[in-house]
Amino acid sequence: MPPYLRNAADRFTATVSKFSLEGKIGLCGIALIVMMAVFAPLLSAYPPGKITGGSLEPPGADHPLGTDELGMDIWSQICYGARMSLFIGLAVACIAGLGGGALGILAGYLGGAADQVVMRTVDVLMALPSFPLLVVISAFMGPSVFNVILILVLFSWAKPARIARSQTLSIKNNVYITAARNYGATPFYLLRRHILPEVLPILFVLIISITSYAIMAETGLAFLGLGDPTSKSWGMMLYYATNFRSIYFTPYWQWWLIPPLVALIVLLLCLAFIGRDLEQVLDPRMRQNRGG
Amino acid sequence: MADLEVKDLKCHYNTDTSVVPAVDGISLSLEAGEIVGVIGESGSGKTTLGLSIMRLLDGLASVSGTIVYKGTDITHLPEPEIDRIRWKDIAIVFQNNLDILNPVMTVGKQVVEPLLKHEEIPVREAQARCADLFRTVGLDPVWMDAYPHQLSGGMRQRVLLAMALSCDPKLLILDEVTSALDAFTRKEIRDLLIDLQKKNGYSMILISHDLSFVSSLASRMIVLYAGRVVESGPTVDIINAPRHPYTRGLVHSTPDIFVYKDLWGIPGESASEDGHAGCPFSRRCTQPIEICRTSPPRLQSCGDGREVACHRGGIATLLRADAVHFRYPLPGRKTLHAVNGVDMDVCEGEVLAIVGQTASGKSTLAHILAGILRPESGEVRFMDGAVHSGNNGHRFGGIQIVFQDPFSSTSNRFTVLDAVREPFDINRIGTAAERLDMTREALKLVRLPPTDEFLGKYCGALSGGQRQRVALARAMIMKPRLLIADEITSALDVSTAANVLRLLKGLQNRRGFAMIYISHDLSLTLKIADRIAVMDAGRIIEIGNAHEVMLHPRDDRTKRLIGTRVGHCCHDHKPVGMAGRLQTRVSDCGDE
Ligand SMILES: Nc1ncnc2c1ncn2[C@@H]1O[C@H](COP(=O)(O)OP(=O)(O)OP(=O)(O)O)[C@@H](O)[C@H]1O
Ligand code: SF4
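Remember, it's a predicted structure, so these values are computed and weren't measured experimentally. (Residues numbered from 1 in each chain as written. Chains lettered and ligands numbered in written order. Predicted model: local features only at pLDDT ≥ 70, side-chain atom pairs only at ≥ 80, totals over all residues.)

1. Brief notes about the overall build of chain B
Item 1. Scanning chain B from N- to C-terminus turns up 20 helices and 22 strands.
Item 2. Seen through its C-alpha atoms, chain B measures out along the principal axes to roughly 95 × 55 × 45 Å.
Item 3. Split into buried and exposed, the 592 residues of chain B put 50% on the buried side.
Item 4. When contacts within chain B are restricted to residue pairs at least 6 apart in sequence, long-range pairs at least 24 apart make up 67% of them. (Helix = DSSP H or I, 4+ residues; strand = E, 2+ residues; numbered from the N terminus. Buried ≥ 20, exposed ≤ 12 C-beta atoms within 10 Å, placed from the backbone. Contact = placed C-beta atoms within 7 Å.)

2. Quick notes on the overall build of chain A
Item 1. Each helix and strand counted, chain A has 13 helices and zero strands in total.
Item 2. When its C-alpha atoms are laid out on the principal axes, chain A stretches across 75 × 50 × 25 Å.
Item 3. For chain A, buried positions account for 40% of its 292 residues.
Item 4. Pairs at least 24 apart in sequence give 70% of the contacts found in chain A among residues at least 6 apart.

3. Quick notes on the interface of chain B and chain A
Item 1. The interface of chain B with chain A comprises 29 residues on the first partner and 22 residues on the second.
Item 2. Those elements that place two or more of their residues in the side of chain B that touches chain A are helix H11 (406-409), helix H13 (422-427) and helix H15 (452-455) of chain B.
Item 3. Considering each element in turn, the side of chain B that touches chain A owes the most residues, four residues, to H13(B).
Item 4. Looking at side-chain class alone, the side of chain B that touches chain A contains 11 nonpolar, 13 polar and five charged residues. (Nonpolar A, V, L, I, M, F, W, Y, C, P; charged D, E, K, R; others polar.)

4. Some details on the pairing of strand E20 (residues 514-519) of chain B
All names here are of chain B.
Item 1. The buried count for E20 comes to six of six residues, which makes it a mostly enclosed element.
Item 2. Residues Ala514, Ile516 and Ile518 of E20 are buried on one face, and the alternating residues Met515, Tyr517 and Ser519, pointing to the opposite face, are buried as well.
Item 3. One ladder, built from five bridges, connects strand E15 (residues 351-356) with E20; its direction is parallel. The partner of Ile354 across the bridge, within E20, is Ile518.
Item 4. As paired strands, strand E19 (residues 482-486) and E20 are joined by five bridges and run parallel to one another. Within E20, the position partnered with Leu483 by the bridge is Met515.
Item 5. Remark: the E19/helix H17 (residues 494-511)/E20 crossover connection has right-handed handedness. (Pairing = 2+ DSSP bridges. Right-handed = clockwise from strand over helix to strand, strands pointing away.)

5. Considerations on the environment of B:Gly349
Residues and elements named next belong to chain B.
Item 1. Structurally, Gly349 can be placed in the loop between strand E14 (334-347) and E15.
Item 2. When the C-alpha atoms of Gly349 and Asp486 are compared, they prove to be 18 Å apart, with 137 residues separating the residues in sequence.
Item 3. When neighbours within four sequence positions are excluded, Gly349 is seen to be in contact with Pro245, Thr286, Gln287, Gly512 and Ala514.

6. With respect to the site of ligand 1
Residues and elements named next belong to chain B.
Item 1. In the vicinity of ligand 1 there are 16 residues, among which Tyr13, Ala22, Lys46, Thr47 and Thr48 approach most closely.
Item 2. Mapped by element, the contributors of at least two residues to the shell around ligand 1 are strand E2 (19-30) and helix H1 (46-53).
Item 3. Examining the composition of the shell around ligand 1, we find that three residues originate from one element, H1, more than from any other.
Item 4. A per-class count over the shell around ligand 1 returns four nonpolar, 10 polar and two charged. (Near = placed C-beta within 6 Å.)

7. Here we look at the sheet that holds strand E6 (residues 90-93) of chain B
All names here are of chain B.
Item 1. Taken in spatial order, the eight strands of this open sheet run E6-E7-E8-E3-E9-E10-E12-E11, and their pairing is mixed. Single-partner strands in this sheet number two, and they are E6 and strand E11 (299-301). Averaged over all adjacent pairs, the angle separating strand axes in this sheet is 20°, with direction ignored.
Item 2. Pairing between E6 and strand E7 (residues 171-175): four bridges, direction parallel. (Axes fitted to C-alpha atoms, helices over the stretch in contact; angles between N-to-C directions.)

8. Here we look at the confidence of the model for chain B
Residue and element names in this part refer to chain B.
Item 1. When the pLDDT values of chain B are averaged, the result is 82; 90% of them are 70 or greater.
Item 2. Contacts of residues 566-592 to residues separated by more than four positions or lying in other chains number 44 contacts, the stretch itself having pLDDT below 50.
Item 3. We note a pTM of 0.77 for the whole complex and an ipTM of 0.74 for its interfaces. (pLDDT = per-residue confidence, 0-100.)

9. Topic: unusual backbone geometry
For residues that are not glycine, phi is negative in most cases, and the peptide bond is trans in most cases.
Residue and element names in this part refer to chain B.
Item 1. Located in the positive-phi region is Arg428, a residue other than glycine, with phi close to 50°.
Item 2. Residue placement: Arg428 occurs in the loop between H13 and helix H14 (432-445).
Item 3. Accessibility expressed as a C-beta count within 10 Å gives 7 for Arg428, which makes it exposed.

10. Comments concerning the domain arrangement of chain B
Residues and elements named next belong to chain B.
Item 1. Split into domains, chain B comes out as domain 1 (4-89 + 169-246), domain 2 (317-398 + 478-592) and domain 3 (408-477).
Item 2. Here the element with the most residues in the side of domain 2 that touches domain 3 is H17; it accounts for six residues.
Item 3. Partitioned by chemical class, the residues of the side of domain 2 that touches domain 3 number 10 nonpolar, three polar and no charged. (Domains from an automatic or database assignment.)

11. Here we look at the packing of helix H5 (residues 112-127) of chain A against helix H8 (residues 158-172) of chain A
Residue and element names in this part refer to chain A.
Item 1. The N-to-C vectors of H5 and H8 enclose an angle of 135°; their axes lie 9 Å apart at closest approach. One way to sum up the angle between H5 and H8 is to call them oblique. Handedness of the crossing formed by H5 with H8: left-handed. Note on element contacts: H8 touches H5 through Ala158, Ala161 and Arg162, opposite Val118, Val122, Leu125 and Met126.
Item 2. Of the residues that constitute the contact of H5 with H8, the class distribution is six nonpolar, no polar and one charged. (Parallel < 35°, antiparallel > 145°, perpendicular 65-115°, else oblique. Left-handed = near helix turned anticlockwise from the far one by under 90°.)

12. Regarding the nonpolar core
All names here are of chain B.
Item 1. One finds Leu369, Ala473, Leu482, Ile484 and Ile516 to be the most contacted residues of the largest nonpolar core, which totals 155 residues.
Item 2. Inspection of this core shows a minimum of three residues originating in each of domain 2 (317-398 + 478-592) and domain 3 (408-477).
Item 3. Excluding residues that lie within four positions of it along the chain, Ile484 makes contacts with Ala366, Leu369, Ala370, Ile399, Ile401 and Ile516.
Item 4. One finds Leu181, Ile189, Ala226 and Cys310 within the second-largest nonpolar core, a separate group that totals 86 residues. (Core = buried A, V, L, I, M, F, W, Y, C linked by C-beta atoms within 7 Å.)

13. Things to note about the environment of B:Phe94
Residues and elements named next belong to chain B.
Item 1. Structurally, the position occupied by Phe94 is in the loop between E6 and helix H3 (107-119).
Item 2. Considering only alpha carbons, one finds Phe94 and Leu174, 80 residues apart in sequence, at a separation of 6.5 Å.
Item 3. Those residues in contact with Phe94 that sit more than four places away from it in its chain are Ile100, Leu160 and Asp175.

14. A word on the environment of B:Thr286
All names here are of chain B.
Item 1. Among the secondary structure elements, Thr286 is positioned in the loop between helix H9 (245-252) and E11.
Item 2. Put simply, Thr286 and Arg511 are 225 residues apart on the chain and 7.7 Å apart in space, counted from C-alpha to C-alpha.
Item 3. When neighbours within four sequence positions are excluded, Thr286 is seen to be in contact with Pro245, Glu348, Gly349 and Gly512.

15. A look at the sheet that holds strand E16 (residues 377-382) of chain B
Hydrogen bonds along the backbone pair up the strands of a sheet, which may run parallel or antiparallel.
Residue and element names in this part refer to chain B.
Item 1. Across the sheet, which stays open at both edges, the four strands sit in the order E14-E13-E16-E17 with antiparallel pairing between neighbours. The open sheet has two edge strands with one neighbour each: E14 and strand E17 (385-386).
Item 2. Pairing analysis gives 11 bridges linking strand E13 (residues 317-330) to E14, with the strands arranged antiparallel. In the strand pairing of E14, Arg320 is matched with Asp345.

Below, the structure is given as C-alpha cells:
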C-alpha cells in the first residue's frame, strides 16, 4: 500500500509502537481492568451487594478475597467497583475534555465576545480552590453518582478549554489556513482537516489525566462519605473499610482494605504511564517535524 | 511618395505534399533614405520576403501581390527589365554563407562581374571601381585576388556588401548580414552601414533576427511571425512598449536590451507549418481567447503610427488596482497606512516585480491583490470582475498566491499529497484518482519526485526549499492566470533561493501566466522581472521597464535602493546556482 494512504488504525499502531515499556505495561493494565469491569458477572461467583457468606471471612476457596463486615464477597465488589470507578472517571473526562475542548476551539476560532466569555469563566474556575469547593458543593447537593460526575465536570473542563483555545489560536495564525480559506474552505472544513487533527491528540492526553483526577477525586469524596452509598465504587469500599472501627488492630484490613487500594493504585499508575508516554509520543513528533 | 510599396505580398512554396505560405500577406512601404527593420525568428519568412522583392523567386514559389518601386509596378515586369533594376536600383546583401560566393573564383572577379554586366565599362575601370569598393567596405584591395575560403566570415560579408554596392543602388536589402559574425565585427559592420547610409543616402531593409542590431539602425520596425506582420511601428516605441505578445517575447529575450535579466526564450516552436486557421501565434500566446483559434487577426492601427495584429488589441491588462488604500490599526487609536493609494496594472504574461524595503507595504498589497485582505477603499479588478475575498483562488485560471514563510504555508501534519491536492479537496474537483494524477503532474512541474514515497512524506519532514516548492505545486495545480509570489525566497539560503527562482521563472515562461514577484532583493528580482514597481511607505514611487528603472531611476529612493545593491554586491556578481552568462554588449541600443 502506498504510504500516503495511512489510516487511523495504522497511526494508532505507530503511536503505540513508540511507547516505552511502562507505557505498554500501562496499556495492558488498563486493558485488564476494563475486561474486569466488562466481564464482572462472569469473573465473580456472587453479586456484589448480596450477603453470601459469614461476616469478615478471610480469603478461602469460597471467597477468593474473603468477605466484608456484612458477608459480601470482596472480589465481586472489586470487579463491579471497577465498573463504577472507570465509569465515573471516563464520563467526567470525556464530558469535560471534549466539551471543554469544543468550547475552547470555538472561543479560539470565533474570537471576540465569545472568546471573552469563555476565557473569563475559565479564569474564574482556575482560580478557585477546587477540592474544598468540591467537598462543600457535593455535601450541599447530596450524594449521587450523577451529582459527583456533574461536580467533577464543572471543575475540570477549564484546562482543556484553555489549551484547546490557545492551540486553535496558534493554528489559525498559520499561513496554510489563509491559503485554505483562499481556496474557498468553509469553517467546517478548517475544523475537520486542520484544527481537530491538531487539537484532538492534545485533548486525548488531557482526557487521560482528567480520568485519573476524576477517579482520585471520586475516591476522595467517597472517603469523606460524600459518595453515592448505593454505588459500590472502590472509593466507597475504602470508605466502608476505614470506617470499620479499629480495623488496623484486626487482620481484616489485609483482605478488606488492601484489594481496593491496590486496584486504585494500579489503575492510577497505568493511566499515568499511558499519559506520560502519549505526551512524549504525540508532542515531540510535532516539535521535531516543525524543525524538519 | 514612397520609394518602395509592397502590398499584400504572398509567397507560397509548393512542395510535393503541401503548400508552405512562407510570406502570407505582408505590406510595407519605404521612404527614400529610410531604414526599416524586419524582425522575426528563423522560418518566419524574412528571407523569402527579401528574395521576392528582388524577384528572385520566380519559378520557385507562387508570388502574388504588388511591389511598386518608384512608381513602377515591378511585379510583372519581364525578366530583362527586372534585371536592369536588380543591382542598379535594388541590391541584396546575402547572408554570409560559403555557398553564396563561388569557391573557385577570386572574390575580386566576383565583384567585378556584375559591374561589367550592368555598367558596360572596360575591365580596367571596373577593377579600379572594385578596389574603391573594397576600400569603402573596409577591406584592403589586396584581398581581391583571394579565394573565398581564404577570407574570414567578416571579410566575406564585406565582399558581399561590396558586391551589392557595386552598381550604386538606391535600395539595399540586407539579409542577416551580421548573424554569423562575432560581436566585434558586428559592431564594425554596423558602423560601416551607418557611414554608408549617411554618405550615400541608401534606403535599407534590414532583415534579421537580431533585435539589438536592427533596433540600433532602423527607425521603423516590422515584426514578422509565420509569414505575417504581427506588429509594426517606430523602433523606440516597439522596444520600450511592445504591444504584441510575440514582440514582447522577442524584446525580453534580447540580452542587450534587458541587460540584467537572465535569458528566457519564447516557449514553443515556431508555428509556420501547422496549418490551422487562427492566429498563428495562438499556440505560444499567453492570452489566447476563443476566436484566436478560428480566425487570424488583421493588422490594425493602434495609434502613434503603430500597428498590431491581435484579436485582443495587443497585450491585454489582466489585473488593475485603482486607488487602493489599507490601514492597520495600531494601539492607541493610531493607524498605519500600509497601502496608500496604489494604482497599478499587470498585463497578461508579464513578470512584474514589486520591490521595496521591509515594511513598505509590499506584502499587504500582495494580499489585497490576491483578495485575502479587503482594501479599505479602492478597487482591484481581475480580468473583468472585481476581486473580493478569495473569489479567484478557488477556480482554475484565477489568482494564486505563494507565501513568504515556507514552514507555515503547509501544515506539518499533512502529507505532500494532502497538501498539494488540498484545493481539489476543498472544492471537490475530480475523483480521488484524478486528484492523485494532477498532484503528480504538479510535483513534476516543480521538479519534486512524484513517487509514492515522496507523496507520503509529511511536510514537516521537508526542507524549506522543498516545502516552498510543495506550496508552489499547490498553487500551480489550480492553473493560475496570475501568480503572486510574496517574498518566496527570503527564508531560503542563497543557492536554494536561486533554484526556486529559476524554477518559478521557467514555469512562468512555459505556462505563460502573469506573475507579481514581491521581493526586497533587487539583484534577484532583476533576473526575472519585465517591469519593476518600487514601493516605499505604502506608495508606488516608480514603475517601469526593469532596465529603465535600473539604468535611469527617477526617484531618489529608487536610487538609494539601487545604491544599496551596488554597495555590497559588485554589479556582475551572480548568486550561486544562477547560470552566469557573459554579457557582451554589441551595440548601445539600450541607450536610445
Ligand atoms: N524552397 C523552399 N521550399 C519550401 N519551403 C521553403 C523553401 N524556402 C523556405 N521555405 C519555408 O518557408 C518558411 C520561411 O522561410 P524563410 O527562409 O523566409 O525564413 P527566415 O525567416 O528567413 O529564416 P532564417 O532566419 O533561418 O533565414 C520556412 O518555414 C521554410 O521552411
Ligand atoms: S491574443 Fe489571440 S490574436 Fe492576439 S496574439 Fe494571442 S493568439 Fe494571437
